[in-house]
Amino acid sequence: MTAVKTTETAAPVGNIPPALPPAVTGGARKRRRRGSAFDRALPYLLLAPALIAILWLIGWPVVSVFVTSFRQLNLGELVRGEVVWTGFENYVAVLKDERFWEVSLRTVVFTVTVVVASVGVGLGIALLMRVLTPWVRVALQIAMLCAWAMPILASTTVYQWMFDQNYGILNKTLVQLGFDSFAGYSWFSSGTSTLSVVGLLIIWQAIPFLAFSLYAGLVGIPRDLYEAAGIDGATGWQTFRAVTWPEIRSLLMMVTFLSTLWDFKVFAQIWVFREGGPSGESTTLPVLQYLEGIAKSHFGIAAAISVLMMVILGLITFQYLRKLLQTEEGKL
């Protein structure tokens, strides 16, 4: 009996398509890889024009100031179009000038004083707005918005009239209260008093932004935390230290950092009051830069002062970022 071998072909199960050749699947994978790479690069390609424009508008002036700081660029060189390189002579001249160090110290003290006062008052008003009735809070917010919207030169002029020696309402009010020594008192007779008035103006202008920013952070704190602190018998200060402060610390650091950058570069208010006087006693680094660059046409010296100011602000920014990273790591 002869054995017959038969080959049985298994029927396909369901509608499973036949396997594709390796060349076809490899090509599909390559197309998917190319597509995914293009998809990842697409956002950067779309952002590239705006990034290039920002770098051009911001980066080019910075590079120009840095290059100018190594040149002798007075009015004569500017008119003749001459390029005279001096190396680090501008920096040496600035750093050897005792006036530069005096003005730098004055600028730092003025900035720290104004920032601490404005942030403290802004935080106090933000805390106050949390407990005020709605109508009183709205009225306070409208008043701060009006102060914030007032142009710098207009508010500076108002303060000049308020502190005027002969016609200022402040002197007249103090005399009416019995302080006869303030009759005809000059608030701008010294650099300290002049910067005090300017600092008061800057604080008044900065409070709305600080108060609104910190109030927004306070509103975001859950009320359950305050209720739990009240149940535990915590006092107002203990509640602030245990509940409020940890929640707004990062925001407070940010507004303090921004205030430092803004107040360090204040120019208009100081210049409008007394142009850095009397006798240069209220001159700060931005005013000194203007005097050297515009008034005396020493553009190379002014550029060197600008670069040194950027170095100082860069160190402040580095410290802020370091503190911020430490805070974020602590949260993680």
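What you are looking at is a predicted structure, and each value in this text was computed from that prediction instead of being measured.

### Some details on the nonpolar core
Soluble globular proteins tend to pack their nonpolar side chains together in the buried interior.
Part 1 of the reasoning: Counting residues in hydrophobic clusters, the biggest one holds 42 residues, and the most contacted among them are Phe110, Ile270 and Phe273.
Part 2 of the reasoning: Within the residue set of this core, elements represented by two or more residues are α4 (98-131), α8 (191-219), α9 (223-231), α10 (236-264), α11 (268-274) and α12 (285-295).
Part 3 of the reasoning: By residue number, the principal contributor to this core is α8, which donates 14 residues.
Part 4 of the reasoning: With sequence-adjacent residues up to four places away left out, Phe273 is seen in contact with Thr156, Tyr159, Gln160, Phe188, Val197, Val198 and Leu201.
Part 5 of the reasoning: Membership of the second largest hydrophobic core comes to 18 residues, among which are Phe70, Ile301, Val307 and Tyr320.

### What to know about the side chain of Ser69
Part 1 of the reasoning: Along the chain, Ser69 falls in the loop between α1 (22-68) and α2 (75-80).
Part 2 of the reasoning: Ser69 gets classed as buried once you look at its relative accessible area, which sits at 0%.
Part 3 of the reasoning: Within the structure, the side chain of Ser69 is placed 2.5 Å from the backbone oxygen of Phe66, a separation counted as a polar contact.
Part 4 of the reasoning: Once you skip the residues sitting within four places of it in the chain, Ser69 turns out to touch Gly87, Asn90, Tyr91, Gly300, Ala303, Ala304 and Val307.

### Structural notes on the packing of aromatic side chains
Part 1 of the reasoning: One pass over the structure, following the stated rule, counts 23 aromatic pairs.
Part 2 of the reasoning: Between Phe100 and Trp101 the ring centres are 5.4 Å apart and the planes differ by 75°, which places this aromatic pair in the edge-to-face class.
Part 3 of the reasoning: Residue classification places Phe100 among the buried residues on the basis of a relative accessible area of 5%.
Part 4 of the reasoning: Taken together, the ring pairs connect Tyr159, Phe163, Phe179, Phe182, Tyr185, Trp187 and Trp204 into an aromatic cluster.
Part 5 of the reasoning: One Lys or Arg, Arg130, reaches over the ring of Tyr226 and ends 4.6 Å from the middle of that ring.

### Some remarks on the layout of surface pockets
Part 1 of the reasoning: There is about 370 Å³ of room inside the largest pocket.
Part 2 of the reasoning: What lines the largest pocket is a set of 17 residues, and nearest its centre among them are Ile152, Gln205, Ala206, Trp262 and Gln269.
Part 3 of the reasoning: Contributing elements (two or more residues each) for the lining of the largest pocket: α5 (134-149), α8, α10 and α11.
Part 4 of the reasoning: Per-element accounting of the lining of the largest pocket gives the leading share, five residues, to α8.
Part 5 of the reasoning: Empty space within the second largest pocket amounts to approximately 250 Å³.
Part 6 of the reasoning: Forming the boundary of the second largest pocket are Pro61, Val62, Val65, Lys265, Gln289, Ser306, Met309, Met310 and Leu313.
Part 7 of the reasoning: Elements represented by at least two residues in the lining of the second largest pocket include exactly α1 and α13 (299-331).
Part 8 of the reasoning: Broken down by element, the residue count for the lining of the second largest pocket peaks at four residues, all from α13.
Part 9 of the reasoning: Its residues assigned to classes, the lining of the second largest pocket comprises six nonpolar, two polar and one charged.

Here is what the cut-offs are and how they apply
- Residues numbered from 1 in each chain as written.
- Predicted model: local features only at pLDDT ≥ 70, side-chain atom pairs only at ≥ 80, totals over all residues.
- Heavy atoms only, no water.
- Core = buried A, V, L, I, M, F, W, Y, C linked by side-chain atoms within 4.5 Å.
- Buried < 20%, exposed > 50% of the residue type's maximum accessible area, 1.4 Å probe, protein only.
- Helix = DSSP H or I, 4+ residues; strand = E, 2+ residues; numbered from the N terminus.
- Contact = heavy atoms within 4.5 Å.
- Polar contact = N/O pair within 3.5 Å; in protein donor to acceptor, adjacent residues only side chain to side chain.
- Phe/Tyr/Trp six-rings, centres within 6.5 Å; stacked < 30°, edge-to-face > 60°.
- Lys NZ or Arg CZ within 6 Å of the ring centre and 35° of its normal.
- 1 Å grid on protein atoms, 1.4 Å probe; cavity = no way out; pocket = protein on both sides within 12 Å on 5 of 7 lines; lining within 4 Å.
- Points joined across faces, edges and corners; volume = space filled by probe spheres on them.
- Nonpolar A, V, L, I, M, F, W, Y, C, P; charged D, E, K, R; others polar.

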